[in-house]
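# Per-entry structural report
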Amino acid sequence: MSSIATVTETLRMASRELVRCSDSPRLDAEVLLGKVLGLSRAALIARGDEPLAPENRSAYSTLIAGRLAGAPVAYLTGKREFWSLTLAVTPAVLVPRPETETLVELALQLLPPDQQHSILDLGTGSGAIALALATERPRCRITAIDVSPEALTVAVGNSHALKIEHIDWRLGSWFDAVPGERFDLIVANPPYVAATDPALKRLAAEPMLALAPGPTGLEALSAIIAGAPLHLNEPGWLVLEHGNEQPTEVANLLGRHGFTGIRSHPDGSGRLRVTQGTI
Ligand SMILES: C[S@@+](CC[C@H](N)C(=O)[O-])C[C@H]1O[C@@H](n2cnc3c(N)ncnc32)[C@H](O)[C@@H]1O
C-alpha cells in the first residue's frame, strides 16, 4: 500500500488539526487545498482518491501552519467573496464579513435604481461596500475614503480588477477627506470593538485600525454620527454597521444629533447589527 496520502486523507488530517483554531475546520481545509491544487471544492471531492504530490503537500503544510498561527483563510488565499464580487484582500484590510451585506441590502432599499444619488463610504477598507453599491447602482456617484494608504491601495486594485472605474477614492480621516461636500447617503462599517474586548485576541491578524477605535468601541461611530449632518443633503440617510451590543447606544447618538426614522436591523444571524437614520 502506498504511504502517500490521498486528497481525502489529507483533508481529514488537516480538518482534525484546524479544529484548534477554526469554527469551520473542514471548509478551511478544503479551501486551502483547493488553492494549492487550483481546484474547486467540488473537484477536490471528485479527486479524493488521488495521491498528493510532495510539492503540493509541502505547500499545503505551509498554509495549514499559517491558519493554525491565526491567519484568516482569506489572507492565505488572497481573496474573499463579498456580495457578487471576488475581492483581493491583504493583511492591510479587514476581511469583508457576510453581516456587512445586510448594510448593503439596506442601502440599496434607500436608492431607487433609476436615480442618480451621491454616496459616501467611510472606512472603505477593501472597498467592499462601495464596490457592491457601484455594481448595483452604476448611475450613483460614489466617494470612498480610508485613513490607511495601504487599505486604499487594495480598494483601488479591486476597482481596476472589477473594471469599476467611477468611484472617487480618497485618503483621509472620516469627513476631513470631504470638506464642504454633501451626499444623499452615507454608509460606514467603522471600527467598533472596545480596546479591552477579549475578542480582539482572536482577530489579531487583522489591522487594529479596522477593529478598535478606542477604549469604549463607540469613538468612531460617535465621530461619524456627529459629523454626518454637515455632510448630508436633506433628506439624507446614514446607515451604520455596529456591534450586536451597540444598537441602543447608536440609536441614542443618532437621536441626539437630530436624526429621525431611526431603525436597527438584524443580520443573517438575527442580531441587530445595522442602524439607519434620516436627516
Ligand atoms: C471595520 S473596517 C471596514 C472595512 C470595509 N468597509 C468592510 O466593511 O469590510 C474599518 C475601516 O475603517 C478605516 N478607518 C479607521 N479609522 C479611520 C478614520 N479615522 N478615517 C477613515 N477610515 C478609518 C480602517 O482603516 C478600516 O479600513
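This text follows the structure it describes.
Attention here is on the structure that accompanies the text. What you see is a predicted model, and the numbers here were worked out from it, not measured in a lab.

### Notes on the overall build of the chain
Helix and strand counts for the chain come out as 12 helices and nine strands. In summary, the chain has a C-alpha radius of gyration of 21 Å against a globular reference of 19 Å for 279 residues, a match within 12%. In the chain, which comprises 279 residues, the share counted as buried stands at 39%. Across the chain, contacts joining residues at least 24 apart in sequence account for 63% of those joining residues at least 6 apart.

### Things to note about the pairing of strand E9 (residues 272-278)
Counting buried positions over the seven residues of E9 gives five, a clear majority of the element. Where strand E8 (residues 260-266) lies against E9, five bridges are found, and the strand directions are antiparallel. Each bridged residue has a counterpart across the sheet, and for Arg 263 the counterpart in E9 is Gln 276.

### A short note on the site of the ligand
Neighbouring the ligand are 23 residues; Gly 123, Gly 125, Val 147, Asn 189 and Ala 210 lie closest to it. Elements that contribute at least two residues to the shell around the ligand include exactly helix H7 (128-136), strand E4 (141-146) and helix H10 (208-211). The class makeup of the residues in the shell around the ligand is 14 nonpolar, eight polar and one charged.

### A closer look at the nonpolar core
The nonpolar side chains of a soluble globular protein tend to be buried with one another. Judged by nonpolar contacts, the single largest core of 71 residues is most densely connected at Leu 133, Leu 185, Ile 186, Val 187, Leu 221, Ile 224 and Val 239. Ranked by residues supplied to this core, first place goes to H7 with seven residues. In this structure, this core is formed jointly by two domains, domain 1 (7-77) and domain 2 (79-278), each of which donates at least three residues.

### Section: the sheet that holds E4
Strand order in the open sheet made by the seven strands is E5-E4-E3-E6-E7-E9-E8, with mixed pairing throughout. Two strands close off the open sheet at either side, each with one partner strand: strand E5 (167-171) and E8. Pairs of neighbouring strands in the sheet enclose a mean axial angle of 15°, with direction left out of account. As paired strands, strand E7 (residues 232-241) and E9 are joined by five bridges and run antiparallel to one another. Residue Glu 241 lies in a different strand from E9, and its bridge partner there is Val 274. This element, helix H6 (residues 100-110), spans strand E6 (183-188), E7, E8 and E9 of the sheet and lies at about 160° to E7. Set on the sheet, helix H12 (residues 247-256) makes contact with E7, E8 and E9; between it and E9 the angle comes to about 10°.

### Notes on the pairing of strand E3 (residues 118-122)
Most of E3 is tucked away: four of the five residues are buried. Here E3 pairs with E4 via five bridges, running parallel. Each residue of the ladder has a partner; that of Ser 118, found in E4, is Arg 141. One crossover worth recording links E3 to the parallel E4 by way of H7, and it is right-handed. Note: E3 against E6, four bridges, orientation parallel. Within E6, the residue paired with Leu 122 across the bridge is Ala 188.

### As for the packing of helix H1 (residues 7-18) against helix H4 (residues 54-68)
In contact at an axis separation of 10 Å, H1 and H4 are set at 20° when each is read in the N-to-C sense. As the angle between them shows, H1 and H4 are arranged roughly parallel. Considering how the two elements wind past one another, H1 and H4 form a crossing that is right-handed. Contacts between H1 and H4 pair Thr 10, Ala 14, Glu 17 and Leu 18 from the former with Tyr 60, Ile 64, Arg 67 and Leu 68 from the latter.

### Some points on H4
End to end, H4 covers 21 Å across 15 residues, agreeing with the expected 21 Å (1.5 Å per residue, within 8%). Every buried residue of H4 is listed here: Tyr 60, Leu 63, Ile 64 and Arg 67. Mapping the buried residues of H4 onto a view down its axis gives an arc of 100°, with all of them on the same face. Residues of H4 that are exposed and angled more than 90 degrees away from the buried face: Pro 54, Glu 55, Ser 58, Thr 62 and Ala 65. Tucked inside the fold, the buried residues of H4 contact H1, helix H2 (25-37) and helix H5 (73-77). Following H4 by one or two positions, Gly 70 adopts a phi angle in the positive range, close to 110°.

### Looking at the environment of Ala 130
Of note, Ala 130 is situated in helix H7. When the C-alpha atoms of Ala 130 and Ala 220 are compared, they prove to be 19 Å apart, with 90 residues separating the residues in sequence. The contacts of Ala 130, once residues within four sequence positions are left out, are Asp 121, Thr 124, Ile 142, Ala 144 and Ile 167.

How each quantity is defined
- Residues numbered from 1 in each chain as written.
- Predicted model: local features only at pLDDT ≥ 70, side-chain atom pairs only at ≥ 80, totals over all residues.
- Helix = DSSP H or I, 4+ residues; strand = E, 2+ residues; numbered from the N terminus.
- Rg over C-alpha atoms; globule rule 2.2 N^0.38 Å.
- Buried ≥ 20, exposed ≤ 12 C-beta atoms within 10 Å, placed from the backbone.
- Contact = placed C-beta atoms within 7 Å.
- Pairing = 2+ DSSP bridges.
- Near = placed C-beta within 6 Å.
- Nonpolar A, V, L, I, M, F, W, Y, C, P; charged D, E, K, R; others polar.
- Core = buried A, V, L, I, M, F, W, Y, C linked by C-beta atoms within 7 Å.
- Domains from an automatic or database assignment.
- Axes fitted to C-alpha atoms, helices over the stretch in contact; angles between N-to-C directions.
- Right-handed = clockwise from strand over helix to strand, strands pointing away.
- Parallel < 35°, antiparallel > 145°, perpendicular 65-115°, else oblique.
- Left-handed = near helix turned anticlockwise from the far one by under 90°.
- Expected span 1.5 Å × (residues − 1).
- Arc of directions from axis to C-beta.

Don't take any of this as a statement about function, it's just geometry.
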